[in-house]
Amino acid sequence: MGSNVRFKNIDDINRIVVKIGTSTLTYPGGKLNFHRIDQIARVLSDLNNQGRQIVFVTSAAIGVGIARLGKPELLASVPGKQAAASVGQAMLMKIYQRMFNDYNQIVSQVLLTKYVTDTERTRVNAQNTMNTLLEMNVIPVVNENDTIATEEIVFGDNDTLSATVAALIDADLLILLSDIDGLYTGNPKTNPDAKLISRVDDITEDIENLASGKGSTLGTGGMITKIKAASIAYAHGIDTIIANGDNPEILYDILEGKAVGTHFVAPSNR
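Keep in mind it's a predicted model, so treat the numbers as computed, not measured. (Residues numbered from 1 in each chain as written. Predicted model: local features only at pLDDT ≥ 70, side-chain atom pairs only at ≥ 80, totals over all residues. Heavy atoms only, no water.)

Could you clarify how one ought to interpret the pattern of salt bridges in this entry?
Pairs can form between side chains of opposite charge whenever their charged atoms are close. Scanning all chains against the criterion turns up nine salt bridges. Note that Lys 226 is salt-bridged to Asp 159, the shortest N-O span being 3.2 Å. With Lys 226 in helix H10 (residues 223-235) and Asp 159 in helix H8 (residues 158-168), this residue pair connects regions lying 67 residues apart in the sequence. Take Asp 159: its relative accessible area is 1%, and that puts it in the buried class. Between Asp 201 and Arg 199 there is a salt bridge, with the nearest N and O atoms lying 3.0 Å from each other. The exposure class assigned to Asp 201 is partly exposed, which follows from its relative accessible area of 28%. For Arg 199, a relative accessible area of 43% corresponds to the partly exposed category. Residues joined in a network through salt bridges with shared partners are Lys 19, Asp 159 and Lys 226. (Salt bridge = Lys/Arg side-chain N within 4 Å of Asp/Glu carboxyl O. Helix = DSSP H or I, 4+ residues; strand = E, 2+ residues; numbered from the N terminus. Buried < 20%, exposed > 50% of the residue type's maximum accessible area, 1.4 Å probe, protein only.)

Structure below.
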């Protein structure tokens, strides 16, 4: 497949939510991968310079906090995770501000909970704030407010959050970057015959059944949560791309319409 084949109106893709998972932002032990974060900052800043409006949904607050405190046992309890998130989120934002500043890009912090997005008044407030930031060419850095949102730590994930944010701001595209190339016909880690599915038009039960298990122990998601996120975006007329974030420059390929990852196509965009 050549370029510009994945989107009907690629020039109209302007407002983009990019979610990057814990396994992409950190090394296996939980410490931050500074080289990759620098690449992410450079690419997202460059996309902003192109005139695109970018929202960056980040994971890794709990994992980074665990690594900084040196207390893996905190993963065993909700208060432990909340304490780790409190430490990790502060570290993340300090690092993001420094690295994005190297590319003359202003970022902001937006911490959300399910309550905020489910309640009319707070949802409108969040929507207005995000829209104002985007109009000022600021890149909002979004995460769940894990320190207070007990339910979100137990049941939530940032894939779902990113899709909720995409719907909230009426995004043109949701991109989920992970440690896997996309949705496969089987588990590529155990099945050498598994093949990457390039395009999904209908999120059926069969598609949902292809998803399995969580990724790293420090993350809360997996392919099942990404399909759930694609379903939320799908219902709001937003396409979703699941792709490998090992090289953040893959975002350029995606926005040139190249066939990388798995493209979930919303009905209105076919």
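Structure shown, so let's carry the discussion forward.
Looking at this structure, I do not really get a negative patch on the surface. What am I missing?
Taken together, the side chains of Asp 11, Asp 12, Asp 170 and Asp 172 present a region of like negative charge at the surface. Topologically, Asp 170 is positioned in the loop between H8 and strand S5 (173-178). Relative accessible area serves as the criterion here: at 58%, Asp 170 is assigned to the exposed category. (Patch = residues over 30% accessible without salt bridge, like charges linked within 9 Å, V, L, I, M, F, W, Y side chains within 5 Å. Areas by Shrake-Rupley, 256 points an atom, 1.4 Å probe, with all protein chains shown as cover. Lys, Arg positive; Asp, Glu negative; His and termini not counted. Charge placed at Lys NZ, Arg CZ, Asp CG, Glu CD.)

What am I meant to see in the sheet that holds strand S3 (residues 107-112) here?
Consider a sheet: its strands pair through backbone hydrogen bonds, and that pairing is either parallel or antiparallel. One open sheet accounts for eight strands, arranged S3-S4-S2-S1-S5-S7-S8-S6; its pairing is mixed. Lying at the two open borders of the sheet, with one neighbouring strand each, are S3 and strand S6 (199-200). As defined by bridge partners, S5 adjoins strand S7 (residues 239-244) across six bridges and the pair is classed as parallel. The residue of S7 that forms the bridge with Ile 175 is Ile 241. The strands touched by helix H2 (residues 34-49) are strand S1 (15-20), strand S2 (53-58) and strand S4 (139-144); relative to S2, the strand with the most contacts, the crossing angle is about 155°. Packing against the sheet, helix H6 (residues 120-135) makes contact with S1, S2, S3 and S4, and its axis sits at approximately 125° to S2. (Pairing = 2+ DSSP bridges. Contact = heavy atoms within 4.5 Å. Axes fitted to C-alpha atoms, helices over the stretch in contact; angles between N-to-C directions.)

Help me understand unusual backbone geometry, please; the structure alone is not making it clear to me.
Note on backbone geometry: most residues besides glycine have negative phi, and most peptide bonds are trans. Of note in this structure, Ala 60 is not a glycine but carries a positive phi near 95°. Even without being a glycine, Asn 104 presents a positive backbone phi close to 55°. Within the fold, Asn 104 resides in the loop between helix H4 (78-101) and S3.

Teacher, can you tell me more about the pairing of S5 here?
The two faces of a sheet get side chains in turn, since along a regular strand they alternate between them. The element S5 is extensively covered by neighbouring structure, given that six of its six residues are classed as buried. Residue alternation in S5 divides its side chains into two sets, Leu 173, Ile 175 and Leu 177 and Leu 174, Leu 176 and Ser 178, and both sets are buried. Both S1 and S5 contribute to a ladder of five bridges, which runs parallel. When the bridges of S5 are listed, Ile 16 appears paired with Leu 173.

How should H8 be read in this particular structure?
Because each turn of an α-helix spans 3.6 residues, side chains separated by three or four positions end up pointing in the same direction. Most of H8 sits out of view: nine of its 11 residues are buried. Buried within H8 are the following residues: Asn 158, Asp 159, Thr 160, Leu 161, Ser 162, Ala 163, Val 165, Ala 166 and Leu 168. Taking the backbone nitrogen of Asp 159 as reference, a side-chain oxygen 3.1 Å away marks Asp 157 as the first, capping residue of H8. Looking one or two residues beyond H8, the residue adopting positive phi is Asp 170, at roughly 55°. (Polar contact = N/O pair within 3.5 Å; in protein donor to acceptor, adjacent residues only side chain to side chain.)

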